[in-house]
Amino acid sequence: MRLSRYFLPVLKENPAEAQIVSHRLMLRAGMIKQQAAGIYSWLPMGFKVLKNIERIVHEEQIRAGHIPLLMPTLQPADLWRESGRYDDYGQEMLRIKDRHERDMLYGPTNEEMITDIFRSHVSSYKDLPLTLYHIQWKFRDEVRPRFGVMRGREFLMKDGYNFDVDKPSALHAYNRHMVSYLRTYERMGLTAIPMRADSGPIGGDDTHEFLVLASTGESEVFYDDRVTALKLGDRAIDYDDRDQVAAVCKEFTTLYARTDETHDESVFAGVPEENRKVGRGIEVGQIFYFGTKYSEPMGATVQTAEGTQVPVEMGSHGIGVSRLLGAIIEASHDDKGIIWPEGVTPFHCGIVNLKQGDAEADAACDKIYAALTAVGLEPLYDDTNERAGGKFATMDLIGLPWRITVGPRGLKNGVVELTSRRTGESEELSPEAAVAKVV
Ligand code: ATP
Ligand code: MG
Ligand code: MG
Ligand code: MG
């Protein structure tokens, strides 16, 4: 993409409404525009990162054997009357009437609807296990929408639902989600710690939240510092292997890590004092096992191998896709701007032409652009007439992992400058060597 043809409305001034750094940087980098409290337009660069996050979520869910579908944002109230949640959910639910005076709602989550799909089409244990998920906009009329996309009213969530014949199988689905989530967050450059949590309005017995440590997080967290060093890495996972998946979960959930809702001082006291940490975290996901809480009232049953009818065992599992943009920026920025992890960056590399209109510099930039594009990378080429300082400031603000700076002086010696956004280190290389390093 050439910057002269793109739509990147960066702000020079700090927007007064933003209280935390991720919100400030998303506004300054021209990624989002607020349309109403907690409701945003996603401008091209924000939309690109959102799509990258979505892609990683899809890839890891499919790897775990989970199946994507798409349910609507609007739902009939009657489904929620069946589960009893229509009255319970309270003011966070946006309720709407259609022209026939039928009660509708903008879905805050989809347990009822997916249970309805399941009961319409599945009746035998032979069709299990089954996990269906979608990535769809949700609406929750939050009392205090704030911090930009971190607590929106309209927000993008991945929500998945497992259907299993018995509790051990449902707990395996729970574990599968935990491991797939760990990999998902790691690919985004994040350390998200599974913490014992409280089940809230979804209800159920077993639940973990995934928290990214950040001083601006809304949850208070208590943990053994050693959990922050655990990494899944690229070890091979066989998602059908119950023992292996359970062992990974055990590895990540044995050290103390809890949110304030389940925190227990007496157990925490058993953690060696030098490892005992109290901090704040951003909830970027949550998994629940809730058994037959929805299948029973809604009549979602299956026939077992023995021929009896049982309500299907379920759980639900969510990732805050749009909130992740804020969480990633909170975890990865400096005083000049965003530092995108490679996995989610909107463009792989910036190209800065120090002297637009200089035939040699223009030709060298075009060549680098073509070389990067040829191997499937997406560069952002600042081909505008802005002065060098302004171009550097924009590149630092939008946080692409690499910048290649091209100017007539360097080209005389056959070199361009390659700069890493993360370390700030620069080196002079031939254009070919610079491209090779970025690839
Ligand atoms: P919170 O405690 O922050 O209100 P929640 O526990 O109500 O979140 P869940 O029902 O667990 O949310 O939804 C799954 C995920 O969706 C959350 O872990 C979070 O990452 C994301 N999420 C929830 N509410 C919002 C929101 N208002 N804006 C953006 N993301 C959200
Ligand atoms: Mg909430
Ligand atoms: Mg919560
Ligand atoms: Mg939650």
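Heads up: the structure comes first, above all this text.
Throughout what follows, the structure given in this document is the object of discussion.

## A closer look at the coordination of the magnesium ion (ligand 4)
- Binding of the magnesium ion (ligand 4) to the protein goes through E283 (OE) and Q286 (OE1), at separations of 1.9 to 2.2 Å.
- Distance-wise, the magnesium ion (ligand 3) is placed 3.2 Å from the magnesium ion (ligand 4), both being coordinated by E283.

## Thoughts on the site of ligand 1
- Taken together, 14 residues sit near ligand 1, with E142, R151, G152, E283 and R323 positioned nearest.
- Contact distances for ligand 1 include 2.7 Å between an oxygen atom and a side-chain N or O atom of R151.
- One nitrogen or oxygen atom from the main chain of G152 is found 2.8 Å from a nitrogen atom belonging to ligand 1.
- Broken down by secondary-structure element, the contributors of at least two residues to the shell around ligand 1 are β8 (154-164) and β13 (276-291).
- Top element by residues in the shell around ligand 1 is β13. It accounts for four residues.
- When its residues are assigned to classes, the shell around ligand 1 shows five nonpolar, four polar and five charged.

## A look at the sheet that holds strand β4 (residues 74-76)
- Strand order in the open sheet formed by three strands is β4-β6-β5, and the pairing between neighbours is antiparallel. The sheet is open, and its two edges are formed by β4 and β5 (94-97), each paired on a single side. Neighbour-to-neighbour, the strand axes of the sheet open up by a mean angle of 35 degrees, direction not taken into account.
- Alignment of β4 against strand β6 (residues 103-106), held across three bridges, turns out to be antiparallel. Bridge assignment links P76 to a residue of β6, and that residue is M104.

## Looking at the sheet that holds strand β20 (residues 379-382)
- Across the sheet, five strands lie side by side as β20-β19-β21-β22-β23; this open sheet has mixed pairing. At either end of the open sheet lies a strand with only one pairing partner, and these are β20 and β23 (426-429). Between one strand axis and the next, the sheet turns by 20 degrees as a mean value, whatever way the strands run.
- Direction of pairing for strand β19 (residues 349-353) relative to β20: parallel, over a ladder of four bridges. Opposite V352, over in β20, you have D382 as the bridge partner.

## Observations concerning the pattern of salt bridges
- Here the structure, examined in full by the defined rule, presents 29 salt bridges.
- Close ionic contact of K51 with E54 constitutes a salt bridge, the shortest N to O distance being 3.3 Å. In this pair, K51 and E54 both sit in helix α2 (residues 44-63), three residues apart, roughly one turn of the helix.
- One salt bridge connects R55 with E59, and the closest N-O pair in it is separated by 3.9 Å. Taken as a pair, R55 and E59 lie in helix α2 at a separation of four residues, close to a single helical turn.
- What you see here is one network of salt bridges that share partners, running through R55, E59, E60, R63 and R187.

## Topic: unusual backbone geometry
- The omega angle of the peptide bond from L128 to P129 is 0 degrees, so this bond is cis rather than trans.
- Looking at the secondary structure, you find P129 in the loop between α5 (111-121) and β7 (130-139).
- With phi around 65 degrees, E101 is a residue other than glycine that occupies positive phi space.
- Looking at where E101 falls in the secondary structure, it is placed in the loop between β5 and β6.
- The residue F147 is not glycine, and still its phi comes out positive at about 60 degrees.
- Note that F147 resides in the loop between β7 and β8.
- Taking relative accessible area as the criterion, F147 reaches 12% and is therefore assigned buried.

## What to know about the side chain of E60
- Among the secondary structure elements, E60 is positioned in helix α2.
- Since its relative accessible area comes to 0%, E60 is described here as buried.
- Look past the residues within four positions of E60 in its chain and what remains in contact with it is S180, R183, T184 and R187.

## Some points on the nonpolar core
- One finds M31, I53, Y185, M188, F210, V284 and L325 to be the most contacted residues of the largest nonpolar core, which totals 69 residues.
- By residue number, the principal contributor to this core is helix α6 (residues 167-187), which donates seven residues.
- With sequence-adjacent residues up to four places away left out, V284 is seen in contact with Y185, A192, F210, V212, G318, I319, G320, L324 and A327.
- In this structure, Y89, I114, V122 and F163 belong to the second largest nonpolar core, which totals 25 residues.

Definitions and cut-offs
- Residues numbered from 1 in each chain as written.
- Chains lettered and ligands numbered in written order.
- Predicted model: local features only at pLDDT ≥ 70, side-chain atom pairs only at ≥ 80, totals over all residues.
- Heavy atoms only, no water.
- Donors = N, O, S within 2.8 Å, 3.2 Å for Na, K, Ca; no water.
- Near = heavy atom within 4 Å.
- Polar contact = N/O pair within 3.5 Å; in protein donor to acceptor, adjacent residues only side chain to side chain.
- Helix = DSSP H or I, 4+ residues; strand = E, 2+ residues; numbered from the N terminus.
- Nonpolar A, V, L, I, M, F, W, Y, C, P; charged D, E, K, R; others polar.
- Pairing = 2+ DSSP bridges.
- Axes fitted to C-alpha atoms, helices over the stretch in contact; angles between N-to-C directions.
- Salt bridge = Lys/Arg side-chain N within 4 Å of Asp/Glu carboxyl O.
- Buried < 20%, exposed > 50% of the residue type's maximum accessible area, 1.4 Å probe, protein only.
- Contact = heavy atoms within 4.5 Å.
- Core = buried A, V, L, I, M, F, W, Y, C linked by side-chain atoms within 4.5 Å.

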